[in-house]
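Residue-level listing of the chains:
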Amino acid sequence: MTRSRVAAVLERAADLLGAEHWDPLRNPIIGAIDRASGFVPGKGAKDAEATSLAAWDALAQYLANKFPQEWERREGRTQTDVVDALRAAAEEVSVC
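Residues numbered from 1 in each chain as written. Predicted model: local features only at pLDDT ≥ 70, side-chain atom pairs only at ≥ 80, totals over all residues. Heavy atoms only, no water.

Draft legend 1. Highlighting the packing of aromatic side chains. This structure, assessed with the given rule, holds one aromatic pair. Ring centres 5.8 Å apart and planes at 80° place the aromatic pair W56 and F67 in the edge-to-face group. Taken as a pair, W56 in helix α3 (residues 46-62) and F67 in the loop between α3 and α4 (68-72) lie far apart in primary sequence, eleven residues in all. (Phe/Tyr/Trp six-rings, centres within 6.5 Å; stacked < 30°, edge-to-face > 60°. Helix = DSSP H or I, 4+ residues; strand = E, 2+ residues; numbered from the N terminus.)

Draft legend 2. Quick look at unusual backbone geometry. Positive phi values are uncommon outside glycine, yet A64 reaches one of about 60°. Tracing the sequence through the fold places A64 in the loop between α3 and α4. The exposure class of A64 is exposed, given its relative accessible area of 58%. (Buried < 20%, exposed > 50% of the residue type's maximum accessible area, 1.4 Å probe, protein only.)

Draft legend 3. Representation of the packing of helix α1 (residues 3-19) against helix α5 (residues 79-95) within the structure. Two numbers describe how α1 lies on α5: the axes approach to 8 Å, and their chain directions differ by 165°. Considering the angle they form, α1 stands roughly antiparallel to α5. Note that α1 runs across α5; the crossing there is left-handed. Between α1, through R3, V6, A7, L10, E11, A13, A14, D15, L17 and G18, and α5, the contact on the second element is made entirely by Q79, V82, V83, L86, R87, A89, A90, V93 and S94. Across the contact of α1 with α5, the residue classes break down as twelve nonpolar, three polar and four charged. (Axes fitted to C-alpha atoms, helices over the stretch in contact; angles between N-to-C directions. Parallel < 35°, antiparallel > 145°, perpendicular 65-115°, else oblique. Left-handed = near helix turned anticlockwise from the far one by under 90°. Contact = heavy atoms within 4.5 Å. Nonpolar A, V, L, I, M, F, W, Y, C, P; charged D, E, K, R; others polar.)

Encoded structure:
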């Protein structure tokens, strides 16, 4: 897996949540990252799972090591916040 693959997954997750209605309980970030990487829990390939986890870790690192699930569930969090964070994390991964 490459950094460019992780960045692409984060970008695709941002696209998915930008087109759909993001909801921290019904359509959370991790679900979009899994779909963007092609990972289906219990059925997905090991490389898709590893890419999904690497994208999740890259997002956590961008969020100053905050757990993304807790971050997205904070009161007042918006879809724009989520999409922007995913895109910024993708940018950070691709320039490192």
